[in-house]
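# Close look at the chain arrangement
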Amino acid sequence: MLYLDNLRTALIIFPILALALTVPVLIYHYHRYGALTLFRSLVIYSFIFYLLAAYCLIILPLPPQSVVAHLTTPKYNLMPLTFVREFINTTPLVLTNPHTYLATLKQAAVIQPLFNIVLTIPFGVYLRYFFKMDFKKTILLSFGLSLFFELTQLSGLYGIYPRPYRLFDVDDLLLNTTGGLIGFAVEPLLTFLLPTRTSLDESAYAHGQKVGYLRRLLALWLDYSLLAFISGLISFGWRISPLKNITIPSPVAYSVSVGLYFVLLPLLWSGQTPAKKLLNLQLISDHQSKWGSLPANSVYFSSYSPVFHCGASL
C-alpha cells in the first residue's frame, strides 16, 4: 500500500516535470535529428516517469524532522551480504517443507532485497534498448543510479533533515546494480516487438526533412526570449551610462532591435539567428535551393544539420 501511495505522488508530479522538460527535449531532438516522433517521445517520457517513480519509492514517505532528530538507529551498513544473513536468521524457510515457502516470501528479509532488484530492472532495459549502452556502461550507470539514491538518503535529503532517516546500505548498491544487469540481459525478450533504436533514428531523420510549425514556433520563441534578455542588458547598461539622459522612444528601440536581430543578423550569418542555428534551421532564398518551384525572390525555411540538408517551402 505504501508503494502505491508513492506511485500516486509520482503521477501527480510527473505532468509538471514533463512540462518543464518539454522545451529542452524538443531543442535536443530538433538539433540532433530534426524531429521528435511520437513513439520516441513515448519512450523518453516513460523513462522520465520511471526515474521519478523510482526516486519517490526510495525517498518517500518523508517523516517529520522532529522524529528524525531523535533517531538512534544506524546511519549506514558497510558490511556486504548482510541481507543474506538476515534471510537465514529471520525467515522460516525449510527447504524440505513447502508449507514454509509462502510465509517466507512475506518476510521483509525477502521483500526488501527483491524490491531493490526489481527497482532497477527497467533501468537496464532502457539503457540497452534506447541508449544503446553496452554491458560495462550498464554496470557503471546502474551502480551510479543506486549510489545517487543512497547518498541522497545518507545526506538526510540534501541537508533538509539533521541526520539520515533511512539506512545507507552497501547491499542496496549490490542489489540495484544486479537489477540493472538483469534488465540488460532480458531486454531482447521485452522489446523484440518494438522498433529498433536505429529505425527510430531513421524515422526522426525522415520527419526532420520537413520543417514543421512547432519547430518554427520554438525557434521564434527562443529568438524573442534571447532578444528580450539582450535588450534588458542593453537597457540596464544605458541607464547607468553617461547616455542615460538621452531618451529613445520604446517603439523606435523595439523596431531597431527587431530589425537588427531578425533581418541584419541572418543576412550576415548565412540566414540564421542563434535559435535557428540551435535548431538547425536556415532561411534560404529560392536561388539557393534546388527546388525551383518557388516564386522569384522568395524566402523559405530549410532544415540543416551535418547529417542532412533539405528544404521545405512555407
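These remarks concern the structure in this document. (Residues numbered from 1 in each chain as written. Predicted model: local features only at pLDDT ≥ 70, side-chain atom pairs only at ≥ 80, totals over all residues. Heavy atoms only, no water.)

## Description of the overall build of the protein chain
Looking only at helices and strands, the protein chain has 13 helices and 5 strands in total. Put simply, the protein chain has 314 residues, and 39% of those count as buried. Within the protein chain, contacts between residues at least 6 apart in sequence are counted, and of these 69% link residues at least 24 apart. Summing over all exposed atoms, the protein chain offers an accessible surface of approximately 18800 Å²; the carbon and sulfur share of this is 72%. (Helix = DSSP H or I, 4+ residues; strand = E, 2+ residues; numbered from the N terminus. Buried < 20%, exposed > 50% of the residue type's maximum accessible area, 1.4 Å probe, protein only. Contact = heavy atoms within 4.5 Å. Areas by Shrake-Rupley, 256 points an atom, 1.4 Å probe, with all protein chains shown as cover.)

## Quick word on the environment of Y158
Positionally, Y158 belongs in helix α8 (residues 156–159). What makes Y158 partly exposed here is its relative accessible area of 47%. In this view, Y158 contacts Y55, F148 and T152; residues no more than four positions away in its chain are not counted.

## Notes on the packing of aromatic side chains
Scanning the entire structure with this criterion turns up 15 aromatic pairs. Seen from their ring centres, Y3 and F115 are 4.8 Å apart, and the 10° between their planes marks the pair as stacked. With Y3 in helix α1 (residues 2–32) and F115 in helix α6 (residues 108–129), this residue pair connects regions lying 112 residues apart in the sequence. Classification of F115 as buried rests on a relative accessible area of 14%. An aromatic cluster is present here, built from F47, Y50, F123, Y126, F130 and F131 joined pairwise through their rings. The lysine or arginine in question, R128, covers the ring of F184, its NZ or CZ lying 4.5 Å from the ring centre. The ring of F130 is capped by R197, whose NZ or CZ atom sits 4.9 Å from the centre of that ring. (Phe/Tyr/Trp six-rings, centres within 6.5 Å; stacked < 30°, edge-to-face > 60°. Lys NZ or Arg CZ within 6 Å of the ring centre and 35° of its normal.)

## Regarding the pattern of salt bridges
Within the structure shown, the criterion is met by 5 salt bridges. For D201, the salt bridge goes to R40, with nearest N and O atoms at 2.9 Å. Here the residue D201 occupies a position in helix α10 (residues 197–208), and R40 occupies one in helix α2 (residues 38–59), the gap between them amounting to 161 residues. (Salt bridge = Lys/Arg side-chain N within 4 Å of Asp/Glu carboxyl O.)

## Re the side chain of Q272
Its location among the elements puts Q272 in the loop between α12 (250–268) and α13 (274–278). Using a relative accessible area of 5% as the deciding quantity, one classes Q272 as buried. The residues contacting Q272, other than those within four sequence positions of it, are L265, P266, K277, L281 and Q282.

## Side note on helix α11 (residues 213–239)
End to end, α11 covers 38 Å across 27 residues, agreeing with the expected 39 Å (1.5 Å per residue, within 8%). Here α11 has its buried residues at R215, R216, L218, A219, L222, D223 and L227. (Expected span 1.5 Å × (residues − 1).)

## A word on the side chain of T104
Summarising the element assignment, T104 is placed in helix α5 (residues 101–105). Within the local environment of T104, its side chain forms a polar contact with the backbone oxygen of T100, the two atoms lying 2.7 Å apart. Setting aside anything within four residues of it in sequence, one finds T104 in contact with F87, T91, P92, L93 and V110. (Polar contact = N/O pair within 3.5 Å; in protein donor to acceptor, adjacent residues only side chain to side chain.)

## Quick look at α12
An ideal rise of 1.5 Å per residue puts 27 Å on 19 residues; α12 measures up with 26 Å between its terminal C-alpha atoms. Along α12, the largest kink reaches about 35° and is centred on L260. Of all the residues in α12, the buried ones are S257, V258, Y261, F262 and P266. Summarising the contacts, the buried residues of α12 are in contact with α11 and α13. Positive backbone phi, approximately 55°, marks S270, located one or two places after α12. (Bend = angle between axes of the 7 residues up to and from the residue.)

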